[in-house]
Amino acid sequence: GTWTDRHGVDHEVGSGDNGFKAIFHGWWAVPDRDEEWYARKLKEEKAWFVAQEYPSSPEEAFIGSGNPFFNLDLVNKMTIQEPIDRFDMTMENGQYRNHPKSDGDTWVWEMPNPKEAYVIGADVAYGLESGDWSVAFVMKAKTKEVVAMYRGKCSPGYYGEHILRALGYMYNEAVICSEVNNHGHWVIGKLNDLAYPNIYRRRSTTLRRETIYETLGFQTNRATKPALCDSIHDWMTEGGTVCDRATIHELKTFVRETRGDKVALHGSPHDDTVIALGLAIEATRYAVENHLDAPKLDPTGSIDWWARKLDGKSGGRKRLSPVA
């Protein structure tokens, strides 16, 4: 469906089509409310209260009584940008393949640069047509700029074996930070079994001993989710932005809800893009800490390459002899 804003511009509703005709009346539908009145409300009240009581869009109206987690002023500054390319991805004979498609599940805003290192944050869904989406964001490891996104529905096994591997190899063997909850075990298992070279490892301390062990994947739970969302907030404050309608919608409708003495963070109805975005930001931190934020350089022809050739440590290749 569509709705018309106060300037007479038509917009699509939400992130998808549920078959219902949407009807939205914004704050300007009430007589005697003008831009000056709205500007005064923004100064007098908190941003979340204005969004709740005097919404400017369906997304703000759907927030309801919840307290928006993210700064709506920052989210509203984000602009939708059409990708430079869209396609579906697969792995074929150990190589990634892009299949051009106008409604492909992979969106690209910037093609890979051999001089850049990249990371991928991946949220995992079960793959049901009526369920959540599997989402992956590709970011530059140093600047945290979003350059590509996958948003589709497929089995977790296929997601790990084809989609994430293809994206990872396309973007210079990017560090992949996938959640390991529930269906995420299948994804991590596929990546590990197929020897993908850069998988995020989390560190944990056990209760019985003080040694630290490493485990593949990110565990998203009540304890780690707030920190993940805080990292998105900080990233947005520093100028981070996304370009697609679905993520902007989910950032707007992601709320902090108090349930008794507990606080729950969730989207309405989905928060797949939000979690994937947080995982990508977490992956940039991991890449920097582990010195994976610089691309691997091709050593062919370097002094070190020739030295290894001459001393016979060339991975089983024929040894080269020096010439006079």
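Conventions and cut-offs
- Residues numbered from 1 in each chain as written.
- Predicted model: local features only at pLDDT ≥ 70, side-chain atom pairs only at ≥ 80, totals over all residues.
- Heavy atoms only, no water.
- Helix = DSSP H or I, 4+ residues; strand = E, 2+ residues; numbered from the N terminus.
- Contact = heavy atoms within 4.5 Å.
- Axes fitted to C-alpha atoms, helices over the stretch in contact; angles between N-to-C directions.
- Parallel < 35°, antiparallel > 145°, perpendicular 65-115°, else oblique.
- Nonpolar A, V, L, I, M, F, W, Y, C, P; charged D, E, K, R; others polar.
- Salt bridge = Lys/Arg side-chain N within 4 Å of Asp/Glu carboxyl O.
- Buried < 20%, exposed > 50% of the residue type's maximum accessible area, 1.4 Å probe, protein only.
- Core = buried A, V, L, I, M, F, W, Y, C linked by side-chain atoms within 4.5 Å.
- pLDDT = per-residue confidence, 0-100.
- Phe/Tyr/Trp six-rings, centres within 6.5 Å; stacked < 30°, edge-to-face > 60°.

A. Here's a closer look at the side chain of Asn181. For Asn181, the location among the structural elements is in the loop between strand 10 (175-178) and helix 6 (184-193). For Asn181, the residues in contact, after removing those within four places along its chain, are Phe218, Gln219, Thr220 and Asn221.

B. Molecular detail of the packing of helix 7 (residues 225-237) against helix 9 (residues 272-289). Here helix 7 crosses helix 9 at 80°, and the two axes come no closer than 9 Å. One finds that helix 7 runs roughly perpendicular with respect to helix 9. Contact residues: Lys225, Leu228, Ser231, Ile232 and Trp235 in helix 7; Val274, Ile275, Leu277, Gly278, Leu279, Ile281 and Glu282 in helix 9. Considered class by class, the residues forming the contact of helix 7 with helix 9 number eight nonpolar, two polar and two charged.

C. Local environment of the pattern of salt bridges. Evaluation of the coordinates by the stated rule reveals nine salt bridges. Taking the shortest distance from any N to any O, the salt bridge between Glu110 and Lys140 comes out at 2.9 Å. Linking Glu110 in the loop between strand 6 (106-108) and strand 7 (118-123) with Lys140 in strand 8 (residues 134-140), this pair joins segments that are 30 residues apart in sequence. In this structure, Lys142 and Asp293 form a salt bridge, with 3.0 Å as the shortest nitrogen-oxygen distance. Of this pair, Lys142 sits in the loop between strand 8 and strand 9 (146-152) while Asp293 sits in the loop between helix 9 and helix 10 (303-310), and the two are 151 residues apart along the sequence. The class for Lys142 is exposed, based on a relative accessible area of 55%. Among the charged side chains, a network of salt bridges with common partners joins Glu110, Lys140 and Glu145.

D. Layout of the nonpolar core. Phe70, Phe137, Ile232, Trp235, Val242, Leu251 and Leu277 are the most contacted members of the largest nonpolar core, which totals 37 residues. Sorting the residues of this core by element identifies strand 8, strand 9, strand 10, helix 7, helix 8 (245-252) and helix 9 as the ones contributing at least two each. It is helix 9 that provides the largest number of residues to this core, a total of ten residues. When neighbours within four sequence positions are excluded, Trp235 is seen to be in contact with Met139, Lys144, Val146, Gly240, Thr241, Val242, Leu277 and Ile281. Ranked by size, the runner-up nonpolar core spans 30 residues in total, among them Met89, Val147, Cys154 and Ala174.

E. Region of the structure containing the environment of Gln52. Its location among the elements puts Gln52 in helix 2 (residues 47-53). Distance in space between the C-alpha atoms of Gln52 and Asn67 is 8.4 Å, their sequence separation being 15 residues.

F. Spatial organisation of the confidence of the model for the protein chain. Scored by pLDDT, the protein chain comes out at a mean of 82, with 72% of its residues at no less than 70. Confidence, expressed as mean pLDDT per element, reaches its minimum in the protein chain at helix 10 with 58 and its maximum at strand 6 with 98. Overall, residues 313-324 carries pLDDT values under 50, and its contacts beyond four positions in sequence, including any with other chains, amount to 13 contacts.

G. Examining the packing of aromatic side chains more closely. Across all of its chains, the model carries 13 aromatic pairs by this definition. Measuring from ring centre to ring centre gives 5.0 Å for Phe69 and Phe70, while their planes differ by 75°; the resulting arrangement is edge-to-face. The same class applies to Phe69 as to Phe70, namely buried. Geometrically, the ring pair formed by Tyr150 and Tyr159 is tilted, given 5.6 Å between the ring centres and 35° between the ring planes.

H. Structural context of unusual backbone geometry. Residues other than glycine seldom take positive phi values, yet Asp32 does so here, at roughly 75°. Looking at where Asp32 falls in the secondary structure, it is placed in the loop between strand 2 (10-12) and helix 1 (35-44). Given the relative accessible area of 78%, Asp32 is considered exposed. The backbone of Ala195 sits at a positive phi, close to 60°, despite the residue not being glycine. By secondary structure assignment, the location of Ala195 is in the loop between helix 6 and strand 11 (201-205). Exposure remark for Ala195: the relative accessible area of 56% places this residue in the exposed category.

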